[in-house]
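# Coordinate analysis (summary)
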Amino acid sequence: MNDHYYTVNPTSAHDLRRVEFELLGEALRFDTDAGVFSRDGLDVGTRALLEALPELSGRVLDLGCGWGAVGVTLKKRWPRIDLVMTDVNQRAVDLSRKNLALNGLAADVLQGDGFENVPGTFDFVITNPPIRAGKQTIYGMFADARDRLHPGGRLYIVIRKQQGAPSALKYLRTLFDEAEVIARDAGFWVIESIRRS
């Protein structure tokens, strides 16, 4: 059976590679590997998500961090945030730790399924959700995120329109006080959901 990027312990042979890009005014470099999401570099959806974000502060969770594209970029851009990163995939967790160090940064990186090993609450939760894991899984992540946000906290997600963005938006509006599309790029929707109280 083939590994998925949401496999806990990928068995695919390692194939390390270095990727570099500039984003949010920051020059960044990363090591990626087989068995993780978008190992060839920054994907269009993640770039759209990062470029749509407002200024961040406080405690921030990168949910499903993969090799660290979101979390590392955020910490480089806003070094004062209290960043937590988590992923079910141990190989991704190891890469995120390595990539923080590679860029001279530090954050808590945890292995676990969704919020399984993540303590506390957050001002922002940011995710490019694992669409291939199925609607039940990602909708569970959205509901858990709502419960882990402070009043005034925000969830940011990116989903391709043809992979369920309209239905995800409809569901998010049942969970949050507000949910709106704040950016569209190459078929991807970036959705902001706000917990008011």
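Here goes a summary of the coordinates provided. Everything numeric here is computed off the predicted structure, so don't read it as measured data.

Criteria and thresholds
- Residues numbered from 1 in each chain as written.
- Predicted model: local features only at pLDDT ≥ 70, side-chain atom pairs only at ≥ 80, totals over all residues.
- Heavy atoms only, no water.
- Pairing = 2+ DSSP bridges.
- Helix = DSSP H or I, 4+ residues; strand = E, 2+ residues; numbered from the N terminus.
- Axes fitted to C-alpha atoms, helices over the stretch in contact; angles between N-to-C directions.
- Contact = heavy atoms within 4.5 Å.
- Buried < 20%, exposed > 50% of the residue type's maximum accessible area, 1.4 Å probe, protein only.

### A closer look at the sheet that holds strand β7 (residues 149-160)
What the 7 strands build is an open sheet, ordered β5-β4-β3-β6-β7-β9-β8; its pairing is mixed. Every other strand in the sheet has two partners, leaving β5 (108-111) and β8 (178-185) as the edge strands with one partner each. Across the sheet, the mean angle separating the axes of adjacent strands is 15 degrees when strand polarity is ignored. Sheet topology note: the strand β4 (residues 82-87)/β5 ladder contains 4 bridges and is parallel. When the bridges of β5 are listed, T86 appears paired with L110. Along the sheet face, helix α1 (residues 44-52) touches β6 (122-127), β7, β8 and β9 (188-194) and points at about 40 degrees away from the line of β9. This element, helix α5 (residues 165-175), spans β7, β8 and β9 of the sheet and lies at about 0 degrees to β9.

### Let's talk about helix α2 (residues 69-77)
Counting buried positions along α2 yields 7 of 9 residues, so the element is predominantly enclosed. Residues of α2 that are buried: A69, V70, G71, V72, T73, L74 and K75.

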